[in-house]
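Summary of the model geometry
Residue-level listing of the chains:
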Amino acid sequence: MQLTPLIAFHMTTAIGATVLGPFALWARLGRRMRPALHRHAGRVWVALMLATALSAIAIRDFRLPNVAGYTPIHLLVPTVLITLWFGIRAAVRRDIVRHRRLMLSVYVGGCLVAGGFTLLPNRYLGGKLAALVSGIPVGHILAATPMYVWLVLAALVVLGGRRLRAGSAGRARVLVWPVLMSAGSLAALVGSFGIALPALAAWAIAFAALATTLGRGQVAAGTRYDAATGLWHLPATAAPLALMLALFASRYVTAAALGWQPGLATSPLLQTSAGAAFGIFSGCFAGLALRLWRLARGATPRPVSARRVAAGLAAAGALVGSASAEAGVGLTTISATHWGAAPVTLFYPSTTPDTEVVRGPFRMQLAADGLPAAGNGRLVVISHGSGGSPWPHSDLARTLVSAGFAVALPEHAGDNHRDTSAVGPQSWTARPAEVSAAVDAVAADARFARLLQLDRVGVFGFSAGGHAALVLAGARWSPARFAAHCRVHMRDDFPACVGLATALRGDAFDAVKTTLASWVLQWRFDDAVPKQHHDARIAVVVAAMPHVNSFDPGSLAALQVPVGIVAARHDRWLVPALHGDVLRRACASRCTLLADLPEGGHGALLSPMPPQLPPAARALLADPPGFDRRDVPAVHARIAAFFVQHLLG
């Protein structure tokens, strides 16, 4: 599922309701009841839940079991609306027990249970989380953390730990700590993102909301001020330690994310999230200190303004929602004249919102010619299969863009959806050079040259594209090896040798077909000169269901870069025993198996699957019975993680 403005609005209201719910309950069930705050927070929460439920009606998902796009998850919509109605009616009738039970059930079902479903890999948040978590080089991040960072953490633990015992504090200490924490968090925010308006606005709103809210409350029981000595006598509390650790954790995660993917510094979503987190924890410090100063002045604690808190939460939610809606996946084309003006399709991080883009039978949410944004500075080239196009790889491209990559897809001359005049060894010879030319084309485009470092490039190849990827990894092949393999294995590897020209049907004509095909291949492909192509920029490749039967096995055992492999056990076009398994045995020391789909066919990673295939292609690409396409996003995430590991690690 892709992020649209409607989904961004739905996410914003849902997250707001999930966060606000416990706050509204605390106002009623805490040690000191705050009925006014509970009422105001509850009204905001009900409004958020209504917006979440009503917006869900317009969001349909055709990947899960559904009726016209409405899945079992949509059953929560009428359930939430009906339960909200009865809960509000119970409150009006002063039936507090029933009101509490109904609202708790709405929160558990509508926020927690429904929120859990959003973490499925094929849904937007789940896909983002899978790509992010599987791709984070945790060991590398910890090893690269400077020693002084751990010393700062130790100092914070010691200082915060002192408040676990009752003690006293003077005016300097009460004043200095909030100032230091606030100034430090603001400096860290500017150091991470520069003068970024979303980050600074989120920090200011969160800081003001928490400082004023907590500053108006009552001090903890046992707190008193001695005017003669100018000291506050404070009870034991874990709050300062918790706030220090929370502020440290948010700062560390932000720094690690930017160190891992520097391009995230331009992400409005990360800017607002980090700004809000820094502002919340700094505002808590300031609010607690303000309580103590009010105690010293003899001021009576004033009730917290629920409307002020709700306004702050709404403003922060609007900032995060607008930031989410702004993020897009850019789409453009670049001319690459090296082999005759064939276009290169480029997907890339963009600040322009996605809109519907139609390419033939494919409908996608993309930012056509959107404004480029900095990603992680690396490029991945996707080499499509025989007769292919960029669009069946658009879901993988989106996953890679989500990880910060720009993704280039060259159209291979004579072997694409518009022209199949050079399918086979003729195209295999040209493909590696076409990949290199695609990198040159991106480097020559002023829009992207400043955003990318092209000294280390990744390549993903599918089917015939996998053949090109292996050549770029250092493998050698020849047309004569292809013909010799087919002479021996013609019947077992007929689709790989002949393609879509004809098929074996288990009748008397099969012997004629295999004999004629063997003669033609021997006549056409007698060139035994090894073919290879070197591009020093290629640093890692992934080969998915690759065409392998023409390679020198010795070269497969001596590949020059890390290679990831995706296999499918029910591949009828490139039989695993004669292709993928051969590669795995030969390059065991250099290859990593990223996925082996037990029920997958040759077209398992085509996502979206082309809807209009000729019968011969459909017979070889269609999903076998039992294959679940909901597994595909997780494979995409592992591919993205492999590129992250070897291009950014």
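This one's a predicted model, so the numbers in the text were calculated from it and none came from an experiment.

Structural notes on the pattern of salt bridges
Using the criterion set out here, one finds 17 salt bridges in the structure. Arg431 serves as the salt-bridge partner of Asp415, at 2.9 Å between the closest nitrogen and oxygen. Here Arg431 lies in helix α14 (residues 425-444) and Asp415 lies in the loop between β9 (406-410) and α14, a separation of 16 residues in the sequence. Considered together, Asp415 and Arg431 belong to a single accessibility category, that of buried residues. Notably, a salt bridge pairs Arg569 with Asp596, separated by 3.0 Å at the nearest N-O pair. Here Arg569, found in the loop between β12 (563-568) and α21 (580-586), pairs with Asp596, found in strand β13 (residues 591-597); they are 27 residues apart in sequence, far enough to count as distant. Through salt bridges that share partners, Arg569, Asp581, Arg584 and Asp596 make up one connected network.

Regarding the environment of Gly330
Tracing the backbone through its elements, the reader meets Gly330 in strand β4 (residues 328-336). Residues Gly330 and Ala368, spaced 38 residues apart in sequence, show a C-alpha to C-alpha distance of 5.8 Å.

Side note on a nonpolar patch on the surface
On the surface, Met147, Tyr148, Trp150, Leu151 and Val152 cluster together into a nonpolar patch covering about 540 Å² of accessible area. In this structure, Met147 sits in helix α7 (residues 147-161).

A word on the packing of aromatic side chains
Here the structure, examined in full by the defined rule, presents eleven aromatic pairs. On the numbers, 4.9 Å between centres and 10° between planes, the contact of Trp203 with Phe207 is stacked. Highlighted residues: Trp203 and Phe207, both in helix α9 (residues 197-215), separated by four residues, approximately one helical turn. Using a relative accessible area of 11% as the deciding quantity, one classes Trp203 as buried. Judged by centre distance (6.1 Å) and plane angle (20°), the ring pair of Phe248 and Tyr252 falls under stacked. A residue pair is termed a helical-turn pair when its members lie 3 or 4 positions apart in one helix, as Phe248 and Tyr252 do in helix α10 (residues 239-260) at four residues. Take Phe248: its relative accessible area is 15%, and that puts it in the buried class. Members of the aromatic cluster, joined through ring pairs, are Trp428, Trp477, Phe482 and Phe525.

Rules used in this analysis
- The residue numbers shown here count from 1 along each chain, following its written sequence.
- Reporting of local features is limited, given that this is a predicted model, to residues whose pLDDT is at least 70; pairs of side-chain atoms are given and counted only at 80 or more, and all residues count toward the totals for whole chains, interfaces and linings.
- In computing side-chain properties, one takes all heavy atoms of the structure into account and sets aside hydrogens as well as water.
- Salt-bridge detection follows one rule: a side-chain nitrogen of Lys or Arg within 4 Å of a carboxyl oxygen of Asp or Glu.
- Where helices and strands are cited, they refer to DSSP runs of H or I of at least four residues and of E of at least two residues respectively, numbered from the N terminus.
- When accessible area is computed with a 1.4 Å probe and restricted to protein chains, residues below 20% of their type maximum are described as buried, those above 50% as exposed, and intermediate ones as partly exposed.
- Patch membership requires over 30% relative accessible area and the absence of a salt bridge. Like charges are linked within 9 Å, and nonpolar side chains (Val, Leu, Ile, Met, Phe, Trp, Tyr) within 5 Å.
- Only the protein chains shown count as cover for residues, with accessible areas throughout obtained via the Shrake-Rupley method and a probe of 1.4 Å.
- The aromatic pairing rule takes the rings of Phe, Tyr and Trp, using the six-membered ring of Trp, and pairs them if the centres are within 6.5 Å, calling planes under 30 degrees apart stacked, those over 60 edge-to-face and the rest tilted.

Purely geometric stuff here, so don't read any function into it on its own.
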